[in-house]
Amino acid sequence: LDHKPRRQVDRRNQEAESILRQTLEGVLLLELYGSHIEVMVHVMAADGSVACTMQNAVTMALMDAGVAMSDMVVSCSTGFVNNQACVDLTQLEQSSGVCLPLAVKARSEEVLYVQLDSRLSQGQLREALENGLDACRQLRTLFESAMKQHMTP
């Protein structure tokens, strides 16, 4: 009995690691670092949008550390709860609705990661992606402002 929950946690950790690697490889200038940067993430509490939160936190940490990147990653979850479009879904909203985690390059808005595990019409998918991109644009503005404020002596 003790082994089942552990395997489930290990599988979730491997999936989160894979998602984070996939998004960061799209922006990190690894050739400057011998193709190896080690990132450790500890999630102390979670109420949804964990992969998106990790991507945003790691991006900010790498920027603060001065790691060279071609662009900044911004990420948020988007979807539908009771047929209502939403962004930044909680765990309850994710489990009871449709959720699309989305990660994009901040300037070019090139999609680095998106995952859809439910069926949506083309119109709903378009609406969810537009809402997600709008939220990512807002995050970009917040992140840039925070970094400028942090870097100013």
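You'll find the structure just up there.
Residues numbered from 1 in each chain as written. Predicted model: local features only at pLDDT ≥ 70, side-chain atom pairs only at ≥ 80, totals over all residues. Heavy atoms only, no water.

## Overview of the environment of valine 27
Relative to the helices and strands, valine 27 is located in the loop between helix H1 (3-25) and helix H2 (50-64). Valine 27 sits in the buried class, given a relative accessible area of 1%. For the pair valine 27 and valine 81, spaced 54 residues apart in sequence, the C-alpha to C-alpha distance is 32 Å. Not counting residues within four places of it along the chain, the set of residues in contact with valine 27 comprises Ala68, Met69, Ser70, Asp71, Val73, Lys105 and Leu112. (Helix = DSSP H or I, 4+ residues; strand = E, 2+ residues; numbered from the N terminus. Buried < 20%, exposed > 50% of the residue type's maximum accessible area, 1.4 Å probe, protein only. Contact = heavy atoms within 4.5 Å.)

## Things to note about unusual backbone geometry
Positive phi, normally seen in glycine, also occurs at aspartate 88, with a value near 55 degrees. If you trace the backbone, aspartate 88 turns up in the loop between strand S2 (84-87) and helix H3 (91-96).

## Looking at the packing of H2 against helix H4 (residues 122-151)
Helix-helix packing is described using two parameters, namely the angle between the two axes and the distance between the axes. At a closest axis distance of 11 Å, the pairing of H2 and H4 adopts a crossing angle of 30 degrees. Considering the angle they form, H2 stands roughly parallel to H4. Seen along the crossing, H2 lies across H4 with a hand that is right-handed. From H2, Asn56, Met60, Met63 and Asp64 reach across to H4, where they touch Leu139, Phe143, Ala146, Met147, His150 and Met151. Looking at the contact of H2 with H4 residue by residue, the classes come out as seven nonpolar, two polar and one charged. (Axes fitted to C-alpha atoms, helices over the stretch in contact; angles between N-to-C directions. Parallel < 35°, antiparallel > 145°, perpendicular 65-115°, else oblique. Left-handed = near helix turned anticlockwise from the far one by under 90°. Nonpolar A, V, L, I, M, F, W, Y, C, P; charged D, E, K, R; others polar.)

## Brief notes about the sheet that holds S2
Taken together, four strands build an open sheet; the order of strands is S2-S1-S3-S4 and the sheet is antiparallel. A single partner strand is all that each edge strand has here, and the edge strands are S2 and strand S4 (111-114). On average, adjacent strands in this sheet sit at an angle of 20 degrees to one another, irrespective of strand direction. Packed on one face of the sheet, H2 meets strand S1 (73-81), strand S3 (98-105) and S4 and runs near 165 degrees to S1. Each of S1, S2, S3 and S4 is contacted by H4, which is oriented at about 140 degrees to S1, the strand it contacts most. (Pairing = 2+ DSSP bridges.)

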